[in-house]
Amino acid sequence: MTSPTVHPAQQIVDLGFGFILSGALSTAAELGVADRLVQGPKSAALLAEELKADAQSLYRVLRLLASAGVFQEDEAGRFSLTPAAEYLRSDVPGSLRSAVLMLTQKIFWAPTGELVETVRTGKNPFDRIFGEPFFDYLASDATQGAVFHRGMSSLSDLENGAIAGSYDFTPLSRVVDVGGGHGGFLIEVLKATSTVRGVLFDHRHVLDEARIAQAGFADRCELVEGDFFESVPSGADAYVLKRILHDWSDDVCVRILRNCRAAMAPGGRVLVVDTVIPRGNGPHGGKVLDVMMMASLPGRERTEEEFAKLFAQAGLKLSRVVHTPAALSITEAVAA
């Protein structure tokens, strides 16, 4: 829908320039500008001296970001933090600095720049650009892999509490977070429900940075190394798949879901935490994420009907969709 204050022609131009803002935001996050402004406003020249950057170039980037509400320039040419810029600090709860660095990695940026190839052929250019599939590349490049996993944790921290609080976990005794990363979502589940015991299931290099013990839940949560393509820990009441299925094709998703179906206790359930694309032309974060997935991965965001089809192929059936205050919903499946 066109904004009533923006001419349709200008809307198209603004959308075309969108990648410039992303680049500027990434630059400010990488340099750590926000951390340098905690004590008060500073000029671009002083910031450049502290950051070992070019003063004029830094000024131009910050001027652009200030026009978008990230930082603010005063009449003396000094920049200060805004409420949005606070989230670029590295030392505050809910920091999104790592998330910005992850979202603007070349693993997303470069394939999106060649999106027309995907649309013409139905295949993304990731393998051609980086020499191997997405997750293989992250496993082989420790630096890029760390940026990705830290960024995902940062992004998830913004939503985990709201999502966990939208579902009643009290009837459950054992919850497995499949591909649960550093454990951010499982921590929120354990906080909300004192009777639940958790299992954080992921690859070893991911579990090495798990935050379960740091959060004080080492006695209620075990860390289990494994590969969800092969199997998942057995005997749990619920298997959480948060931001997992959207990475993969339908065939691979069915394989993962079948592993969960085979492992779950009688009366168990699978909780898929992904966006559920609504009908209509309205804006929705899942629509943006869906094209991002299309450019870099074999996965996609799905509608409720598409989830139901996946579940049916895996011996499950859709029982309900729980919408949350976040962009993600909880799609619940039980044994068919």
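Residues numbered from 1 in each chain as written. Predicted model: local features only at pLDDT ≥ 70, side-chain atom pairs only at ≥ 80, totals over all residues. Heavy atoms only, no water.

The name recorded for the protein chain in an unreviewed UniProt entry is SAM-dependent methyltransferase, from Pyxidicoccus parkwayensis.

*Asks:* How would you sum up the overall build of the protein chain? Please name residues and give values.
*Replies:* A count of helical and extended segments in the protein chain gives 18 helices and ten strands. Taken against the 2.2 N^0.38 rule, which gives 20 Å for 336 residues, the C-alpha radius of gyration of the protein chain at 22 Å falls within 12% of a compact globule. Counting only C-alpha atoms and orienting by the principal axes, one finds that the protein chain spans roughly 65 × 50 × 40 Å. By the burial criterion, 43% of the 336 residues in the protein chain qualify as buried. (Helix = DSSP H or I, 4+ residues; strand = E, 2+ residues; numbered from the N terminus. Rg over C-alpha atoms; globule rule 2.2 N^0.38 Å. Buried < 20%, exposed > 50% of the residue type's maximum accessible area, 1.4 Å probe, protein only.)

*Asks:* So what's going on with the packing of aromatic side chains? Which residues, and what values?
*Replies:* Summed over the entire model, instances satisfying the criterion amount to 15 aromatic pairs. The interplanar angle of 80° and the centroid separation of 6.2 Å between the aromatic rings of F135 and F148 together place this pair among those described as edge-to-face. In this pair, F135 is assigned in helix α11 (residues 134-140) and F148 in helix α12 (residues 142-157), connecting sequence segments 13 residues apart. The class for F148 is buried, based on a relative accessible area of 8%. Here F307 and F311 contribute two aromatic rings whose centre-to-centre distance is 6.2 Å and whose plane-to-plane angle is 20°, an arrangement assigned as stacked. (Phe/Tyr/Trp six-rings, centres within 6.5 Å; stacked < 30°, edge-to-face > 60°.)

*Asks:* Residues and numbers for the sheet that holds strand β2 (residues 72-73), please.
*Replies:* The antiparallel open sheet is built from three strands, whose spatial order is β1-β3-β2. Edge positions in the sheet fall to β1 (42-43) and β2, since each has one partner strand and no second. In terms of strand pairing, β2 meets strand β3 (residues 78-80) through two bridges, oriented antiparallel. Along β3, the bridge assignment pairs E73 with F79. (Pairing = 2+ DSSP bridges.)

*Asks:* Explain the environment of G131 residue by residue, including any values.
*Replies:* Checked against the element boundaries, G131 lands in the loop between α10 (126-130) and α11. A sequence separation of 115 residues divides G131 from H246, and the C-alpha atoms of the two residues are 22 Å apart.

*Asks:* Which residues make up the environment of R220, and what are the values?
*Replies:* The residue R220 is located in the loop between α15 (204-207) and β6 (221-225) in this model. R220 sits in the buried class, given a relative accessible area of 15%. When the C-alpha positions of R220 and L190 are compared, they lie 8.0 Å apart, and in sequence the two are 30 residues distant. Setting aside chain neighbours within four positions, we find R220 in contact with L190, T193, S194, T195, V196, R197 and G198. (Contact = heavy atoms within 4.5 Å.)

*Asks:* Any chance you could break down the packing of helix α4 (residues 44-51) against helix α5 (residues 55-67) for me, citing the residues and the numbers?
*Replies:* In helix packing, the relevant descriptors are the interaxial angle and the interaxial distance, both defined with respect to the helix axes. Following both chains from N to C, one finds α4 and α5 inclined at 115°, their axes separated by 8 Å at the closest point. Crossing of α4 against α5: the hand is right-handed. For the pair formed by α4 and α5, the contact residues are A44, A45, L47, A48 and L51 on the first element and A55, L58, Y59 and L62 on the second. Considering only residue class, the contact of α4 with α5 consists of nine nonpolar, no polar and no charged. (Axes fitted to C-alpha atoms, helices over the stretch in contact; angles between N-to-C directions. Left-handed = near helix turned anticlockwise from the far one by under 90°. Nonpolar A, V, L, I, M, F, W, Y, C, P; charged D, E, K, R; others polar.)

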